[in-house]
Amino acid sequence: MAWVGSTVAAQVVSLLTAPQGLNACVATLAEADNTTAVPIGQSQIVAQNVPVELAERSTNVLYPAINVYCEKIVNQLKEKFRNFSGKAMMAIEVRVSQDGLDSIESGLQTYVDAVTQVLDQNRGNWGEGMYYAGCYEAALGPVKHGGRNFIQIGKITFEVGVSD
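All values reported here derive from a predicted model rather than from experimental measurement.

S.K.: Please set out the overall build of the protein residue by residue, giving values where relevant.
M.R.: Helix and strand counts for the protein stand at four helices and eight strands. Secondary structure of the protein in N-to-C order comes out as α-α-β-α-β-β-α-β-β-β-β-β. Scaling as 2.2 N^0.38, a compact globule of 164 residues should have a C-alpha radius of gyration of about 15 Å, and the protein matches this with 16 Å. Dimensions of the protein along its principal axes, counting C-alpha atoms only, are 55 × 35 × 25 Å.

Structure follows, in structure tokens:
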């Protein structure tokens, strides 16, 4: 069953890194708000569930950072004679860090909005037995000490239906 989480996470990463993915949405939102937003490189979008503290100690983290991972897998056996028919509870964490407190929250909100736009654009069949209905939940955490001095994390959670 581990293949479910890794397969869906890889699909989400490919949606975010697509030409009409995250960077296109970030650019559109920044232009609408008359602000500037840093484009996110493909190396900054990873399929990994790693806490901020551990990531900063073990690698050179570039911010903003996007972490995609599977929180939970549920095999509901809704379809007879299938090995797996259920859902994968996915999470996308957006981590923004900077030296000062000014505009850190608005920067985080821009990236979270861009992630939700990518999800909105990709409702429906994702292929390979994956289906996204379009529901998600976004939560913005408080600013904490970390990263370049201050760090704030936004988390988007959603379900992907999977059958195999």
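S.K.: Tell me about the packing of aromatic side chains, residues and numbers included.
M.R.: Taken as a whole and assessed by the stated rule, the structure comprises three aromatic pairs. Aromatic side chains Trp-3 and Phe-84 sit 6.3 Å apart centroid to centroid with 75 degrees between the ring planes, which places their arrangement in the edge-to-face category. Of this pair, Trp-3 sits in helix 1 (residues 2-17) while Phe-84 sits in the loop between strand 2 (65-75) and strand 3 (85-98), placing them 81 residues apart in sequence. Using a relative accessible area of 36% as the deciding quantity, one classes Trp-3 as partly exposed.

S.K.: Tell me about the state of the cysteines, and please be specific about residues and values.
M.R.: Tallying each qualifying case throughout the model produces zero disulfides. Cys-25 carries a free sulfur, and the closest cysteine sulfur to it, the one in Cys-135, is 19 Å from it. Here Cys-135 stays unpaired: no disulfide links it, and the sulfur of Cys-70, its closest cysteine neighbor, is 17 Å away. Residue Cys-135 is classed as exposed on the basis of its relative accessible area, which comes to 60%.

S.K.: Can you lay out the environment of Ile-66 for me, pointing to particular residues and giving the numbers?
M.R.: The residue Ile-66 is located in strand 2 in this model. Separated by 18 residues in the primary sequence, Ile-66 and Gln-48 have C-alpha atoms spaced 9.2 Å apart. Filtering out sequence-adjacent residues up to four positions away, Ile-66 remains in contact with Leu-16, Leu-22, Ile-40, Gln-44, Ile-45, Val-46, Ile-92, Glu-93 and Val-94.

S.K.: Describe the pattern of salt bridges, listing the residues and the values that go with them.
M.R.: Scanning all chains against the criterion turns up five salt bridges. The salt bridge involving Lys-155 is made with Glu-71; its shortest N-O contact spans 2.5 Å. Taken together, the residues Lys-155 in strand 8 (residues 149-163) and Glu-71 in strand 2 connect sequence positions 84 residues apart. A residue is classified by how much of its surface remains accessible, and Lys-155, at 26% relative accessible area, is partly exposed.

S.K.: I'd like a rundown of the confidence of the model for the protein, residues and numbers included.
M.R.: For the protein, per-residue confidence averages 92 on the pLDDT scale, and 99% of positions sit at 70 or higher. Averaged pLDDT values over the elements of the protein bottom out at 84 in helix 3 (residues 52-58) and peak at 97 in strand 6 (residues 136-140).

S.K.: If you had to explain helix 4 (residues 104-121) to someone new, which residues and values would you point to?
M.R.: Taking 1.5 Å of rise per residue, the 18 residues of helix 4 would be expected to cover 26 Å, and the 26 Å separating its terminal C-alpha atoms lies within 8% of that figure. Those residues of helix 4 lying buried are Ile-104, Leu-108, Thr-110, Tyr-111, Val-112, Ala-114, Val-115, Thr-116, Val-118 and Leu-119.

S.K.: Could you give me a rundown of the pairing of strand 3, with the residues and numbers involved?
M.R.: On a regular strand, each side chain points to the face opposite its neighbour's, so the side chains alternate between the two faces of the sheet. Among the 14 residues that make up strand 3, 14 are buried, leaving the element largely enclosed by the rest of the structure. Bridge count between strand 3 and strand 8: 14 bridges; the pairing is antiparallel. The residue bridging Glu-93 from the neighbouring strand is Lys-155, located in strand 8.

Each value, and the rule that gives it
- Residues numbered from 1 in each chain as written.
- Predicted model: local features only at pLDDT ≥ 70, side-chain atom pairs only at ≥ 80, totals over all residues.
- Heavy atoms only, no water.
- Helix = DSSP H or I, 4+ residues; strand = E, 2+ residues; numbered from the N terminus.
- Rg over C-alpha atoms; globule rule 2.2 N^0.38 Å.
- Phe/Tyr/Trp six-rings, centres within 6.5 Å; stacked < 30°, edge-to-face > 60°.
- Buried < 20%, exposed > 50% of the residue type's maximum accessible area, 1.4 Å probe, protein only.
- Disulfide = S-S within 2.5 Å.
- Contact = heavy atoms within 4.5 Å.
- Salt bridge = Lys/Arg side-chain N within 4 Å of Asp/Glu carboxyl O.
- pLDDT = per-residue confidence, 0-100.
- Expected span 1.5 Å × (residues − 1).
- Pairing = 2+ DSSP bridges.

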